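Per-entry structural report
As a plain string of letters, each chain reads:
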Amino acid sequence: MDVACILKLLILFLSGTVFIRGTQASEHERALLKKLFHSNYDKNERPVVNDSDTVTVVFGLTLNQIVDVDEKNQILTTSAWVRQIWNNPLLAWNSSEFGGLTTINVAPKNVWLPDLVLYENADDDISFGGNLDRMNFRVVLHYSGKNVWLSPVTFKSKCRIDIKYFPFDTQNCKMKFGSWTYDGFRLDVMNESYSADLGNYIDSAEWKLVGAPAKRNVVTYFCCEEPFPDVTYTIIIRRRSLFYMMNLILPLVIITVLINVSFVLPAESGERISLTITILLAMTVFMLVVAETIPPSSDVVPLIAKFYMAGMVEMAIGLVWTCYILKYYHSDVIEMPSWVRKYVLGHLGHFFGISMENLKRIQEHSNLRKDTGRKATIQTGLETSGRKITSTLIVPNGQSKNPYDSHYRRIPSATNGFSSPMLNASDISLNQIDGFQDPVLQIGERILERVDTLVENSVVDDRLNNHKEEWRIAAMVMDKLSLWVFGTSVLVTVLACFLQAPGYVA
């Protein structure tokens, strides 16, 4: 007999042995199932030996992922594994009588199941509805009577969303598991550990899981006198704020800071009011985006909404204040009140180091003109009063014998811009008995009148320029003051709002 035939016989022998053993194992399991689920077994019967005994269910939860947090509808969606362990003495057996079988898997419809439900269920699927006994996963039966039911499930639970510190908020979502019909005397629920199992947890892009502690509670409801135990898991999650910092908070801060630019922009450009209104409109349009992001709630005002309202108020005040400062720039014909000159030009002007050189030069020039005009008037008046010439000239037949007459007839009617009529011989009275007045003095008097008028006009112009320069400097001081005040207010607003946040999570 060759080697090939020997190998074929060996393979056939081994295959037959495995088949026989598999058949025997199937026979043991079949016999066990027939023994356990005999005709007298009722799956609706509570698995106790005595009716006064209590079925204790050990409940465990493995949290795998935070799938979604719907702030608008206040719904938390989680992916988890549920473990339920209880003892069923009616389904125990001697493993030695059934080929050493210690565990078998049976369909859940064949055994008694605890009617545990998720009290905060928000799932619209009526086939599940938070009832854990409706899941179609096999139950593992141990020969000692212990039943283990492991099932993956996606929960949709109600969660009260607190947006007081949005987007730096922390949410505490409770998931309460307990029996819906069995009271604590017939079915007791115990937590497997003091916290949910987080070994397989997958981090969320928006939320950071802080913890998931478990606690057993015993509650007596209004409907019933018996206590109802439950196991409550508190899912503590904290929002990751980096996205909101870059897309909401930082743009809002930049838009708010831009209000200070209006106090740096020169008033002569005529764009101050336009710039302020444009910034205000930009803030309003940006708020439409923020309103879509903030969860709608009338219970509290979110932190970012407080900052937005503070920024809007500062912009509105900045617009009114800009109009008031522009009034300073255009108040050149109004006498400046003494308190404005004292506090704005005096104290604040020196505090901010505003230069007053132009104002001093205008005042010195005005005083110089006043003094020069006054001296010229006095000197000319004295010369006029002292120059009386006595003459005995007689002009017969209206013919002038004045040697200066022919000269002053040639004086033009306009000299240096002053309008003066041509002097005629008839204008000079020489038929005075005591004497006649020098025609040069008459021309001087008339020129002096014109000079006095020009000096007065120059003094008025200097006074107007002085007023205008005073108001301009006052407006510059108010711009400096506004820049510091509004810059400080924006900084205080940012710190006052966001230092209230419990913490930043990247």
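Analysis parameters
Residues numbered from 1 in each chain as written. Predicted model: local features only at pLDDT ≥ 70, side-chain atom pairs only at ≥ 80, totals over all residues. Heavy atoms only, no water. Axes fitted to C-alpha atoms, helices over the stretch in contact; angles between N-to-C directions. Helix = DSSP H or I, 4+ residues; strand = E, 2+ residues; numbered from the N terminus. Parallel < 35°, antiparallel > 145°, perpendicular 65-115°, else oblique. Left-handed = near helix turned anticlockwise from the far one by under 90°. Contact = heavy atoms within 4.5 Å. pLDDT = per-residue confidence, 0-100. Salt bridge = Lys/Arg side-chain N within 4 Å of Asp/Glu carboxyl O. Buried < 20%, exposed > 50% of the residue type's maximum accessible area, 1.4 Å probe, protein only. Pairing = 2+ DSSP bridges. Disulfide = S-S within 2.5 Å. UniProt positions renumbered as here; feature names shortened; annotations may be inferred. Phe/Tyr/Trp six-rings, centres within 6.5 Å; stacked < 30°, edge-to-face > 60°. Lys NZ or Arg CZ within 6 Å of the ring centre and 35° of its normal. Core = buried A, V, L, I, M, F, W, Y, C linked by side-chain atoms within 4.5 Å.

**Examining the packing of helix H2 (residues 242-257) against helix H3 (residues 272-293)**
Where H2 contacts H3, the axes come no closer than 10 Å and their chain directions differ by 160°. By the angle between their directions, the pair H2 and H3 is classed as roughly antiparallel. Our pair here, H2 against H3, has a crossing hand that is left-handed. Contacts between H2 and H3 involve Tyr-244, Asn-247, Leu-248, Pro-251, Leu-252, Ile-255 and Thr-256 on the former and, on the latter, Ile-279, Ala-282, Met-283, Phe-286, Val-290 and Thr-293.

**Things to note about the confidence of the model for the protein**
Summarising the model, the protein shows a mean pLDDT of 77, and 74% of its residues fall at 70 or more. Under a pLDDT of 50 for its full length, residues 16-23 has, in the predicted model, zero contacts with residues more than four places off or in other chains. Confidence drops under a pLDDT of 50 for residues 378-435, and excluding neighbours within four residues, the segment shows 57 contacts in the predicted structure.

**Some thoughts on the pattern of salt bridges**
One pass over the full model with this rule turns up eight salt bridges. With a closest N to O distance of 2.6 Å, Asp-169 and Arg-239 form a salt bridge. On the criterion of sequence distance, the pair formed by Asp-169 in the loop between strand S6 (146-158) and strand S7 (170-179) and Arg-239 in strand S11 (residues 228-239) is long-range, its members being 70 residues apart. Notably, a salt bridge pairs Arg-239 with Glu-206, separated by 3.2 Å at the nearest N-O pair. With Arg-239 in strand S11 and Glu-206 in the loop between strand S8 (187-191) and strand S9 (207-211), this residue pair connects regions lying 33 residues apart in the sequence. Residue classification places Arg-239 among the buried residues on the basis of a relative accessible area of 1%. Through salt bridges with shared partners, one network takes in Glu-71, Asp-169, Glu-206 and Arg-239.

**Topic: the sheet that holds S8**
Read from one edge of the open sheet, six strands run S3-S5-S6-S2-S1-S8, paired in mixed fashion. Each of the sheet's edge strands pairs with one partner strand only, and the pair in question is strand S3 (103-106) and S8. Between one strand axis and the next, the sheet turns through 30° on average, direction left out of account. Two elements, strand S1 (residues 55-70) and S8, share five bridges in a ladder whose sense is parallel. Looking at S8, one finds that Thr-56 is bridged to Asp-188.

**Considerations on the state of the cysteines**
Going through the model one piece at a time under the given rule, you end up with one disulfide. The side chain of Cys-159 participates in a disulfide bridge whose partner is Cys-173; the two sulfur atoms lie 1.8 Å from each other. Handedness here is read from the sign of the S-S torsion; for Cys-159 and Cys-173, about -70°, the answer is left-handed. Placement of Cys-159 in the loop between S6 and S7 and of Cys-173 in strand S7 is noted, with a sequence separation of 14 residues between them. Given a relative accessible area of 4%, Cys-159 falls into the buried group.

**Quick word on the UniProt feature "transmembrane region" (unreviewed entry) in the protein**
In the numbering adopted here, UniProt assigns the feature "transmembrane region" (unreviewed entry) to residues 242-261, 273-291, 303-326 and 481-501. Helix and strand shares over residues 242-261 are 80% and 0% respectively, and the end C-alpha atoms of the span are 28 Å apart. Within residues 481-501, the helical portion is 86% and the strand portion 0%, while the C-alpha atoms at the span's ends are 31 Å from each other.

**So, the packing of aromatic side chains**
Considering all chains together, one arrives at 16 aromatic pairs under this definition. Taken together, the ring pairs connect Phe-59, Phe-128, Phe-155, Phe-177 and Tyr-233 into an aromatic cluster. Over the aromatic face of Tyr-119 sits the side chain of Lys-176, whose NZ or CZ is 4.6 Å from the ring centroid.

**A few points about the nonpolar core**
Grouped together as the largest cluster of nonpolar side chains are 76 residues, with contacts concentrated most on Phe-59, Leu-132, Phe-155 and Ile-235. At seven residues, S1 tops the list of elements feeding residues into this core. Those residues in contact with Ile-235, other than ones at most four positions away along the chain, are Leu-63, Ile-66, Leu-76, Gln-171, Asn-172, Cys-173, Met-175, Leu-209, Gly-211 and Ala-212. Counting 18 residues, the second-largest nonpolar core is a separate cluster that includes Leu-345, Phe-352, Ile-473 and Phe-486.

**Looking at unusual backbone geometry**
Cis geometry marks the peptide bond from Phe-166 to Pro-167; its omega dihedral reads 5°. Positionally, Pro-167 belongs in the loop between S6 and S7.

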